[in-house]
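# Summary of structural features
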Amino acid sequence: MEIKNGQFKNVLITGDTGFIGRHLKNFLQKTCPEISISGFTRSAKQDIRNYEQILATLHGKDLAINLAGTATIDYSWKNPKQTVDTDAYGAINFFKACAKFDIPAIHISSAEVYGTNLHPGHPMSENHPLHPRHPYGVAKKAAEIFAQKMINQGQFITILRLFTQYGDGSSEPIERFIPRLVRNALLGKSIPVFWNQFVGGIV
């Protein structure tokens, strides 16, 4: 979905204080200054697991973007219930509330729903089977299943499965791939490239 000037007047972004949410909010404020943007976040004592709360916040909006959720795979292993409650049940609350007011929605999912590439050496398409390997991916998949059911019933929901996100303000550990490349480039160090004989490509 492309957001054009004048298309939407009142937009809600859940998780607007997170890494992606902050950047998205700043981008919309710069490119579409006529849009009124509201946030929904834990720091404001708002909880996407509370259906009545998200329903009340959505009143009067004409577009909703869901970025609320847990942040890491490691957290999901240590806190599987909280992960499922937020990323699955919370997302379902979001979808149901949007349907109540007939508000189009954009749901930010994750590439983790795919799990391991079943065809090493070839890019995964959107039609790649979904077989997540951890509670985070399972919760994201569950949310997508519910969203697809609502899409089939006529609700307008766009699902985006993001892969690696990076940029200013990211909390990614320095040993991760992209932060390590950026650090090496800034320090003038070599950037290692490895050939994986099992994958058959550069990693």
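Relevant structure appears above.
Okay, so let's go over this structure.

Calculation rules
Residues numbered from 1 in each chain as written. Predicted model: local features only at pLDDT ≥ 70, side-chain atom pairs only at ≥ 80, totals over all residues. Heavy atoms only, no water. Helix = DSSP H or I, 4+ residues; strand = E, 2+ residues; numbered from the N terminus. Polar contact = N/O pair within 3.5 Å; in protein donor to acceptor, adjacent residues only side chain to side chain. Contact = heavy atoms within 4.5 Å. Patch = residues over 30% accessible without salt bridge, like charges linked within 9 Å, V, L, I, M, F, W, Y side chains within 5 Å. Areas by Shrake-Rupley, 256 points an atom, 1.4 Å probe, with all protein chains shown as cover. Salt bridge = Lys/Arg side-chain N within 4 Å of Asp/Glu carboxyl O. Phe/Tyr/Trp six-rings, centres within 6.5 Å; stacked < 30°, edge-to-face > 60°. Buried < 20%, exposed > 50% of the residue type's maximum accessible area, 1.4 Å probe, protein only. Lys NZ or Arg CZ within 6 Å of the ring centre and 35° of its normal.

## Some words on the side chain of Lys-61
- Along the polypeptide, Lys-61 turns up in the loop between α2 (51–58) and β3 (63–66).
- At a separation of 2.9 Å, a polar atom in the side chain of Lys-61 contacts the main-chain carbonyl oxygen of Thr-57.
- With sequence-adjacent residues up to four places away left out, Lys-61 is seen in contact with Asn-10, Val-11, Leu-12, Ser-38 and Ile-103.

## Notes on a nonpolar patch on the surface
- Side chains of Val-182, Leu-186 and Leu-187 sit close together on the surface and give an oily, nonpolar patch of about 330 Å² of accessible area.
- Within the element layout of this structure, Leu-187 appears in the loop between α6 (177–186) and β6 (195–196).

## Some remarks on the packing of aromatic side chains
- For the coordinates displayed, the defined rule picks out 2 aromatic pairs.
- Between Phe-94 and Phe-95, the ring centres sit 5.8 Å apart and the planes meet at 65 degrees, which makes this aromatic pair edge-to-face. Take Phe-94 and Phe-95: they sit in the same class, and that class is buried.
- The interplanar angle of 25 degrees and the centroid separation of 6.2 Å between the aromatic rings of Tyr-114 and Phe-163 together place this pair among those described as stacked. Here Tyr-114, found in the loop between β4 (105–110) and α5 (135–152), pairs with Phe-163, found in the loop between β5 (157–162) and α6; they are 49 residues apart in sequence, far enough to count as distant.
- What makes Tyr-114 buried here is its relative accessible area of 3%.
- The aromatic ring of Tyr-51 is capped on one face by Lys-96, whose charged end is 5.4 Å from the ring centroid.

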